[in-house]
Amino acid sequence: MSVCNLCPRACKVVRRESITGEGQLGYCQSGMLPVISRAALHHWEEPCIAGTRGAGTVFFAGCNLSCVYCQNYEISERRKGIEVSVERLREIYFELIAKGAHNIDLVTPTHYTHAIFQSLREPLPVPVVYNCGGYESVHTVAFLRKKVQCWLPDLKYYDAEISGKYSDAPDYFERASAAIEQMFKETGPYVIGADGILQRGVLIRHLILPGQVEDTKRILEYVAETFEPGDVLFSLMRQYTPCGRAAEFPEIDRRITDEEYEACESYMEELGIIDGYVQQKESAEAAFIPAFDGTGVLKS
């Protein structure tokens, strides 16, 4: 790679190989080698991802978004983690599989696409899940088409003013919707195995923000108009917990209300979106955020 254009930021800088090496850094402030904050079985994804044994989740440090309320702020913005080689990254996959992981769940992987591609040169015996913020470039999604079986993108915003204010990405919906449609072109309708685990397909996540019921409704309308029943899965999330810099934005420095969630859930049902998941109120607890303490990163 000569210059970095992996994500819609298209920084066009020659990123340094190692975070401690010589060279430039783009918006994500990351080198080319992956920095990992945690690699462990994770039981708090959707049932078709976590199953009974857990997803083999690899949490990468850094991000191409700057969500002010990020639950993983410690690693997305402060970039806490341990840098590893491509060879070590692949070893981590097999260590998680040996522990019973249903899949390999790559969380916030976009800025390490090249290292991930190299780590997946040989297929894995379980599905690979690309768990991202949705702010993706179509060409990067296409680049990974033979490496990723399951796409797990966020679809955070419809309104450009909101996405600009809270994630520094006024073009978010334009970019995310195009990327998601490319993901679907690559996988086709979702397939769930006899064990209840997603084998192939797209699962779109949307986190409802406080005071943004109307924006959520626009997202739901887009999904209903773009995809047929049986095409994609949809997860309507109520787990918003004020984290990161949310205290600087009083309007989102709270959990969503029962009335807000019920309005969104009812509209989802009205639009006929039946393939997917809703969340219980108890999911909005900081206790569900894992410890980013380097678990599973270094070889024991």
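The structure this text deals with has already been given above.
Keep in mind it's a predicted model, so treat the numbers as computed, not measured. Per chain, residue numbering runs from 1 following the sequence as it is written. With pLDDT at 70 or above as the cut-off, local features in this predicted model cover only qualifying residues; side-chain atom pairs require 80 or more to be listed or tallied, and sums for whole chains, interfaces and linings still use all residues. The side-chain values count all of the structure's non-hydrogen atoms but skip hydrogen atoms and water molecules.

Trainee: A description of the packing of helix 7 (residues 172-187) against helix 8 (residues 213-226) should follow, citing residues and the corresponding values.
Mentor: Between helix 7 and helix 8, whose axes approach to 13 Å, the crossing angle comes to 30°. Between helix 7 and helix 8, the angle falls in the class roughly parallel. Considering the relative orientation of helix 7 and helix 8, their crossing is right-handed. Across the interface between the two elements, Phe173, Ser177 and Glu181 of helix 7 pack against Ile219, Tyr222 and Thr226 of helix 8. Grouping the constituent residues of the contact of helix 7 with helix 8 by class yields three nonpolar, two polar and one charged. For every element, the axis is a line fit to its C-alpha atoms; helices are fit only across the contacting stretch, and the angle between N-to-C directions ranges from 0 to 180 degrees. A run of H or I in DSSP becomes a helix once it reaches four residues, and a run of E becomes a strand once it reaches two; helices and strands are each numbered from the N terminus. Angles are sorted into four bins: roughly parallel if under 35 degrees, roughly antiparallel if over 145, roughly perpendicular if 65 to 115, and oblique for all others. In this scheme, a crossing is called left-handed if the near helix is turned counterclockwise away from the far one by less than a right angle; it is called right-handed if the turn is clockwise. Only heavy atoms enter the contact rule, under which two residues are in contact if any of them lie within 4.5 Å. Under this grouping Gly is polar, as are all residues other than the nonpolar Ala, Val, Leu, Ile, Met, Phe, Trp, Tyr, Cys and Pro and the charged Asp, Glu, Lys and Arg.

Trainee: Any details on the packing of aromatic side chains? Residues and values, ideally.
Mentor: Pairs were defined over the aromatic rings of Phe, Tyr and Trp, the Trp ring being its six-membered one, requiring ring centres within 6.5 Å. Orientation was assigned from the angle between planes: stacked under 30 degrees, edge-to-face over 60, tilted for the rest. Overall, the coordinates contain 12 aromatic pairs when judged by the stated rule. Between Tyr157 and Tyr172, the ring centres sit 5.4 Å apart and the planes meet at 85°, which makes this aromatic pair edge-to-face. Placement of the pair is Tyr157 in the loop between strand 6 (150-153) and helix 6 (160-167) and Tyr172 in helix 7, with a sequence separation of 15 residues. Take Tyr157: its relative accessible area is 0%, and that puts it in the buried class. Taking the relative accessible area as the measure of exposure, Tyr172 reaches 0% and is therefore buried. The interplanar angle of 75° and the centroid separation of 5.4 Å between the aromatic rings of Phe184 and Phe227 together place this pair among those described as edge-to-face. In this pair, Phe184 sits in helix 7 while Phe227 sits in the loop between helix 8 and strand 9 (233-237), placing the two residues 43 residues apart along the sequence. The residues Phe184 and Phe227 share a single accessibility class, namely buried. Through a chain of ring-to-ring contacts, three or more aromatic side chains come together here, namely Tyr158, Phe173, Phe184, Tyr222 and Phe227. Both a distance and an angle decide whether a charge sits over a ring: NZ of Lys or CZ of Arg must be within 6 Å of the ring centre and within 35 degrees of the ring normal. One residue, Arg9, lies across the ring of Tyr27, its end atom 3.8 Å from the ring centre. Think of it in three bands: residues with accessible area under 20% of the maximum for their type are buried, residues over 50% are exposed, and the middle band is partly exposed, with areas taken using a 1.4 Å probe on protein chains only.

Trainee: I'd like to hear about the pairing of strand 6, residue by residue, with values.
Mentor: Here strand 6 shows a buried face lined by Cys150 and Leu152 and a second buried face lined by Trp151 and Pro153. Crossover strand 5 (residues 128-132) to strand 6 through helix 5 (residues 138-143) is right-handed. When DSSP locates at least two bridges between a pair of strands, those strands are taken to pair. Where strand 6 and strand 8 (residues 198-207) come together, two bridges link them in parallel fashion. The residue bridging Trp151 from the neighbouring strand is Val202, located in strand 8. A crossover counts as right-handed when, viewed with the strands pointing away from the observer, the path leading from the first strand over the helix to the second turns clockwise.

Trainee: Explain empty space enclosed by the protein to me, using residue names and the numbers behind them.
Mentor: Here the term cavity refers to a set of points on a 1 Å grid, laid over the protein atoms alone, in which a 1.4 Å probe fits but cannot get out; the term pocket refers to an open set having protein on both sides within 12 Å along at least five of seven lines, with lining residues being those that place an atom within 4 Å of a point. Grid points are joined across faces, edges and corners, and a volume is the space filled by probe spheres set on the points. Counted by the stated rule, this structure contains three cavities of 30 Å³ or more. Of the volumes computed, that of the largest cavity is approximately 100 Å³. Lining of the largest cavity is provided by 14 residues; of these, Cys4, Cys7, Arg15, Cys28 and His111 occupy positions nearest its centre.

Trainee: How would you summarise the layout of surface pockets if you had to cite specific residues and measurements?
Mentor: Taken as a whole, the largest pocket spans an internal volume of roughly 980 Å³. Considering the residues around the largest pocket, the lining is formed by 42 residues, among which Gln71, Asn72, Arg205, Met237 and Gln239 are closest to the centre. Sorting the residues of the lining of the largest pocket by element identifies strand 2 (55-60), helix 2 (73-76), strand 5, strand 8, strand 9 and strand 10 (276-278) as the ones contributing at least two each. The greatest single-element share of the lining of the largest pocket, amounting to three residues, is contributed by strand 8. Classifying every residue of the lining of the largest pocket by side-chain character gives 19 nonpolar, 16 polar and seven charged.

Trainee: Let's hear about helix 6: which residues, and what values?
Mentor: Taken residue by residue, helix 6 has Ile162, Ser163, Tyr166 and Ser167 as its buried positions. For helix 6, the arc enclosing every buried residue in end-on projection is 95°, short of the 170-degree limit, so these residues lie on one face. Next to the buried residues of helix 6 lie helix 7 and helix 8. Side-chain atoms alone can form a polar contact between residues adjacent in sequence; in general such a contact is a pair of N or O atoms within 3.5 Å, and within protein one must be able to donate a hydrogen while the other accepts it. At the N-terminal end of helix 6, a side-chain oxygen is found 2.9 Å from the backbone nitrogen of Glu161, two or three residues along, and the residue is Asp159. A positive backbone phi angle near 55° is found at Asp168, which sits one or two residues after helix 6. Working note: the arc is built from the helix axis to C-beta atom directions.

Trainee: Break down unusual backbone geometry for me, with residues and values.
Mentor: The backbone of Ala10 sits at a positive phi, close to 45°, despite the residue not being glycine. Along the chain, Ala10 falls in the segment before strand 1 (35-42). One non-glycine residue with positive phi stands out, namely Lys12, at about 55°. Tracing the backbone shows Lys12 in the segment before strand 1. Overall, the relative accessible area of 56% leaves Lys12 in the exposed class.

Trainee: Explain the pattern of salt bridges to me, using residue names and the numbers behind them.
Mentor: Here a salt bridge means any side-chain nitrogen of Lys or Arg lying within 4 Å of a carboxyl oxygen belonging to Asp or Glu. According to the stated counting rule, one finds 17 salt bridges in the structure shown. Residue Lys165 pairs with Glu251 through a salt bridge whose shortest N-O separation is 2.8 Å. With a gap of 86 residues between them, Lys165 in helix 6 and Glu251 in the loop between strand 9 and helix 9 (258-270) connect regions that are remote in the sequence. Measuring nitrogen to oxygen at the nearest pair gives 3.0 Å for the salt bridge that ties Arg238 to Asp258. With a gap of 20 residues between them, Arg238 in the loop between strand 9 and helix 9 and Asp258 in helix 9 connect regions that are remote in the sequence. Three or more residues joined by partner-sharing salt bridges are found here, namely Arg88, Glu91, Glu95 and Lys299.

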